[in-house]
Amino acid sequence: MASIEQTERNRAAGFVAPALIWVLAFFVLPFAVMIGMSFARLEGRTIVHGLFSDNYVRFFSEPSLFKGLTVSLEITLIVTVISVLLAYPLAWIIAMRVPARYQRLALMLAVLPFWTSYVVRSYAWLLVLGQNGVINKALMGLGVIAEPLAIASTRTATVIGFVHFFVMLLTLTIYANLIQLSPNYARAAADLGASAFATFRHIILPLTLPGVVTGAFLTFVLCIGDYITPQILGGNSELTLPQLIMLQLGRRGDFPMASALSIVLMAVVTLAYLACARWLKLDRV
Amino acid sequence: MGRLLTWAYMALIYSFIFLPVAVLVLFSFQDSRLPVPPFTGPSLRWYAQVLGDRDLMAALGNSLIVALISSAVALVLGFLAAHALARYRLPGSVLIRGLLIAPMTVSYLIIALGLLTVFNQIGLRPSLLATGIGHVVINLPLCFAILYAAMGDQQKNAERAARDLGASETRVLWHISAPMLMAPMAAAFFLSVTFSWDEFIIAFLLTRFDVTLPVEIWSMLRSGLSPKTNAIGSLVFLVSISVLILLELTIFRKPRR
């Protein structure tokens, strides 16, 4: 009996081993090396390993570095809030107002731009928002403005590009949540005399809150770690944390500083996770 | 009133969603050198340039190879791990599950930086191989999660029946488990290919001479706005949509009862 269990266990271990080894070798190990690297120090062009706190001290004392964190946090929070506010009504309309057989189509259309490449999507916003882009040409043609608006290479452009992406993502997650609700709840509330608004406020919204929080967390994580959108749309007007990390790598090959900044980024994401852990359903995979 | 508001909101937000794609595609047919109004097309000259661009076509091929191979590896590893964790009692299975999912919660930039650091130290040069390894790291959690969630009791019974009839474990996996999971496997593979195909930062840091398509497009951006970038962007869009529609009509079509 015990030997059968033993063979079974060995066999299972054999099945799980390749994936586990891959994750350990190419994810856990690199991460550990990066933590070690963040305590190293760059002298000239050589990396001196050791237990130096230089990078972290510099991060908290040099405004140009620390500002990356505040800029990233500000942009991410603005993007998350706007995206949820825009996506929720759309998901609600698709789930509640669009006839059932058109819902799939409506949803697929809502995420259509997902299928262009990520880099190209940010570039496309540049065409829309640029100095002589579509919006400026249209507004000037209509005589609304005399001089082109400077939107590209500002925080506004970064936020617009991000919101565009995350509205699509959040519409999907919130819709998935709404569609699981039994219509009986709303019907029961209506029968008991609740107004449409009261039904939404006291029934629908609380029931979909976990889905919203999960989507918002996903938005937060993807947004704060993204390099492309702020680099293409925001330019160098103000640098986010990922832009600073890339700058360290590119300019002087400062792996220690880049690693330290990455650890800071990880810490922020972990804090965000802990903050909304009790609403998240990530562990139910 | 409520109805009007509903449709107005829908129209507004769909315009916002479509705006950049519409502009992208429209000005890919621009005849002059700048993809900004006024529209001077239609012309196919930029598409001809894209198709005649060797670097771009090579990058496209590289992307395809990396996407297909890394997704296949992620799918196989994810399937075996999901099978083991769904069917057997393993010590530390909660921890193992957590580890396999973990890369999902970490920004691609950090994964890329970690790999770059390690590869530098062991002397593995930036290459398509290095990029592919990174893409397996990001897609393995996805494949594992999808397949783990899809392994139900119905399947378990079929596997047990096959085993009772004397099928070896490999035969059970190959003839029972895998075919029964065809739809989720296809979904996992397709999603992985999409993510790998479109992934930028890992490929950017881990390739040098042979690059993938997003990296090549990125370097095109440095020379400013050009209808050529619109053309390659529109082509990628067209291909993705075609594949999507094809899959929608074949594999993911819900059987009508």
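Sequence order as written defines residue numbering, which begins from 1 separately in each chain. Lettering for chains starts from A, numbering for ligands starts from 1, and both go in the order in which the items are written. pLDDT decides what is reported in this predicted model: residues at 70 or higher carry local features, side-chain atom pairs at 80 or more are listed and counted, and totals for whole chains, interfaces and linings draw on all residues regardless. For the side-chain quantities, the full set of heavy atoms in the structure was used; hydrogens and water were omitted.

**Some details on the nonpolar core**
Then step 1. Among buried residues, those of type Ala, Val, Leu, Ile, Met, Phe, Trp, Tyr and Cys that are joined through side-chain atoms within 4.5 Å constitute a nonpolar core. Relative accessibility thresholds used throughout: buried, under 20% of the residue-type maximum; exposed, over 50%; partly exposed, between the two (1.4 Å probe, protein chains only). Counting residues in hydrophobic clusters, the biggest one holds 166 residues, and the most contacted among them are Phe79 and Leu100 of chain B.
Then step 2. Residues within four places of Phe79 of chain B in sequence aside, it is in contact with Leu147, Met151, Leu173, Ser177, Ala178, Leu181 and Met185 of chain B. For this analysis, residues touch if any pair of their heavy atoms sits within 4.5 Å.

**Considering the pattern of salt bridges**
Then step 1. We define a salt bridge as a contact between a side-chain nitrogen of Lys or Arg and a carboxyl oxygen of Asp or Glu at a distance within 4 Å. One pass over the structure, following the stated rule, counts eight salt bridges over all chains.
Then step 2. Between Arg155 of chain A and Glu74 of chain A there is a salt bridge, with its nearest N and O atoms 2.8 Å apart. With a gap of 81 residues between them, Arg155 of chain A in helix α7 (residues 155–180) and Glu74 of chain A in helix α3 (residues 63–96) connect regions that are remote in the sequence.
Then step 3. Residue classification places Arg155 of chain A among the partly exposed positions, given a relative accessible area of 24%.
Then step 4. Judged by relative accessible area, which is 38%, Glu74 of chain A ranks as partly exposed.
Then step 5. Residue Glu159 of chain B is joined to Arg163 of chain B by a salt bridge in which the shortest nitrogen-to-oxygen separation is 3.9 Å. Placement of the pair is Glu159 of chain B and Arg163 of chain B together in helix α7 (residues 153–164), with a separation of four residues, close to one helical turn.
Then step 6. We classify Glu159 of chain B as buried; its relative accessible area is 1%. Each helix is a run of DSSP H or I of at least 4 residues and each strand a run of E of at least 2, with the numbering of both proceeding from the N terminus.

**A closer look at the packing of aromatic side chains**
All names here are of chain A.
Then step 1. Only Phe, Tyr and Trp rings are paired, with Trp represented by its six-membered ring, and only when their centres lie within 6.5 Å; those with planes under 30 degrees apart are stacked, over 60 edge-to-face, the remainder tilted. This structure, assessed with the given rule, holds 23 aromatic pairs over all chains.
Then step 2. Centre to centre, the rings of Phe27 and Phe31 are 6.5 Å apart; their planes meet at 15 degrees, and the pair counts as stacked. Of the two residues, Phe27 and Phe31 both sit in helix α1 (residues 2–38), four residues apart, roughly one turn of that helix.
Then step 3. Residue Phe31 is classed as partly exposed on the basis of its relative accessible area, which comes to 22%.
Then step 4. Centroid distance Phe59 to Phe60: 4.9 Å. Interplanar angle 75 degrees. Geometry classified as edge-to-face.

**A word on the interface of chain A and chain B**
Then step 1. At the junction of the two partners, chain A supplies 77 residues and chain B supplies 79 residues.
Then step 2. Buried area: the sum, over both parts, of the accessible surface (1.4 Å probe) that disappears when the two are put together. Between chain A and chain B lies a buried interface of about 7,000 Å² when both sides are counted; carbon and sulfur atoms form 83% of it.
Then step 3. Looking at the side of chain A facing chain B, the largest losses of area belong to Phe15, Trp115 and Tyr123 of chain A, adding up to 12% of the total buried there.
Then step 4. Across the contact surface, chain A and chain B share zero salt bridges.
Then step 5. Definition of a polar contact: a pair of N or O atoms within 3.5 Å, with one able to donate and the other able to accept a hydrogen when the atoms are protein atoms, and with sequence-neighbouring residues admitted only if both atoms are side-chain atoms. Applying the counting criterion to the chain A and chain B interface returns seven residue pairs in polar contact (both at pLDDT 80 or more).
Then step 6. Ranked by the residues each element gives to the side of chain A that touches chain B, the list is headed by α1 of chain A, at 21 residues.
Then step 7. Nonpolar residues are Ala, Val, Leu, Ile, Met, Phe, Trp, Tyr, Cys and Pro. Charged residues are Asp, Glu, Lys and Arg, and all others, Gly as well, are polar. Of the residues belonging to the side of chain A that touches chain B, the class tally is 61 nonpolar, ten polar and six charged.

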